[in-house]
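Report on the structure
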Amino acid sequence: MSDKLKQFKQTLDAHHQWPCPYVYKFIVPAESLDRFQQLFASEALETRQSRTGKYTSVTMTSTMCSADEVMAVYEKAAQVPGVMSL
């Protein structure tokens, strides 16, 4: 695990009492939205299309039990071409 990921995990553990709801925000290119929705089909996703229609912002709230679970979701989302995590 890189130093940056270790620091992110430590920060998550320092600021959250597990289990707890965790809010994810992503920016997904329009052409990749279907793939993103397939990966997270079991999650309730709130979407909002950009003014130009090129991107969709996605908000997802899930109950997470550990920093490792949070990081796994970010890794899963990274499989989608062009996705940006906020």
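Structure first, text after, so check above.
Read on for an overview of the structure. (Residues numbered from 1 in each chain as written. Predicted model: local features only at pLDDT ≥ 70, side-chain atom pairs only at ≥ 80, totals over all residues. Heavy atoms only, no water.)

With that settled, consider the overall build of the chain. Of the regular secondary structure elements, the chain holds three helices and four strands. Helices (α) and strands (β) of the chain occur, in sequence order from the N terminus, as α-β-α-β-β-α-β. Burial analysis of the chain (86 residues in total) assigns 31% to the buried set. Put simply, 70% of the contacts in the chain that link residues at least 6 apart link residues at least 24 apart. With an accessible surface of roughly 5800 Å², the chain has 50% of that area assigned to carbon and sulfur atoms. (Helix = DSSP H or I, 4+ residues; strand = E, 2+ residues; numbered from the N terminus. Buried < 20%, exposed > 50% of the residue type's maximum accessible area, 1.4 Å probe, protein only. Contact = heavy atoms within 4.5 Å. Areas by Shrake-Rupley, 256 points an atom, 1.4 Å probe, with all protein chains shown as cover.)

Moving on: the packing of helix α1 (residues 3-15) against helix α3 (residues 67-77). For the pair α1 and α3, the least separation of the axes is 9 Å and the interaxial angle reads 130°. Taken together, α1 and α3 sit at an angle that is classed as oblique. For the crossing formed where α1 meets α3, the hand is right-handed. Contacts from Leu-5, Phe-8, Lys-9, Leu-12 and Asp-13 of α1 reach α3 at Ala-67, Asp-68, Val-70, Met-71 and Tyr-74. Here the contact of α1 with α3 is composed, by residue class, of seven nonpolar, no polar and three charged. (Axes fitted to C-alpha atoms, helices over the stretch in contact; angles between N-to-C directions. Parallel < 35°, antiparallel > 145°, perpendicular 65-115°, else oblique. Left-handed = near helix turned anticlockwise from the far one by under 90°. Nonpolar A, V, L, I, M, F, W, Y, C, P; charged D, E, K, R; others polar.)

Our next topic: the pairing of strand β2 (residues 45-49). For β2, a buried count of zero out of five residues is recorded, marking the element as mostly open to its surroundings. Where β2 folds back onto strand β3 (residues 55-64) in an antiparallel hairpin, the turn is made up of five residues, including Gly-53, whose phi is positive at roughly 85°. (Pairing = 2+ DSSP bridges.)

Cis geometry is adopted by the peptide bond preceding Pro-19, which originates at Trp-18 and carries an omega value of -10°. Mapped onto the fold, Pro-19 is located in the loop between α1 and β1 (20-29).

The nonpolar side chains of a soluble globular protein tend to be buried, and buried together. Membership of the largest hydrophobic core comes to 22 residues, with the highest contact counts inside it found for Tyr-24, Phe-26, Val-28, Phe-36 and Val-70. For this core, the elements supplying multiple residues, two or more each, are β1, α2 (33-39), β3 and α3. If one sorts the elements of this core by residue count, α3 sits on top with six residues. (Core = buried A, V, L, I, M, F, W, Y, C linked by side-chain atoms within 4.5 Å.)

For the rest of this paragraph, the subject is the sheet that holds strand β4 (residues 84-85). Strand order in this open sheet of four strands is β2-β3-β1-β4, and the pairing throughout is antiparallel. Sheet topology places β2 and β4 at the edges, where each strand pairs with a single neighbour. Packing against the sheet, α3 makes contact with β1, β3 and β4, and its axis sits at approximately 15° to β1.

Turning next to the packing of aromatic side chains. Under the criterion given, the structure shown has eight aromatic pairs. Note on Phe-36 and Phe-40: the rings are 4.9 Å apart at their centroids and 45° apart in plane angle, and the pair reads as tilted. Neither residue differs from the other here; Phe-36 and Phe-40 are each classed as buried. Each member of the aromatic cluster is reached from another via a ring pair, and the members are Phe-8, Tyr-22, Tyr-24, Phe-26, Phe-36, Phe-40 and Tyr-74. (Phe/Tyr/Trp six-rings, centres within 6.5 Å; stacked < 30°, edge-to-face > 60°.)

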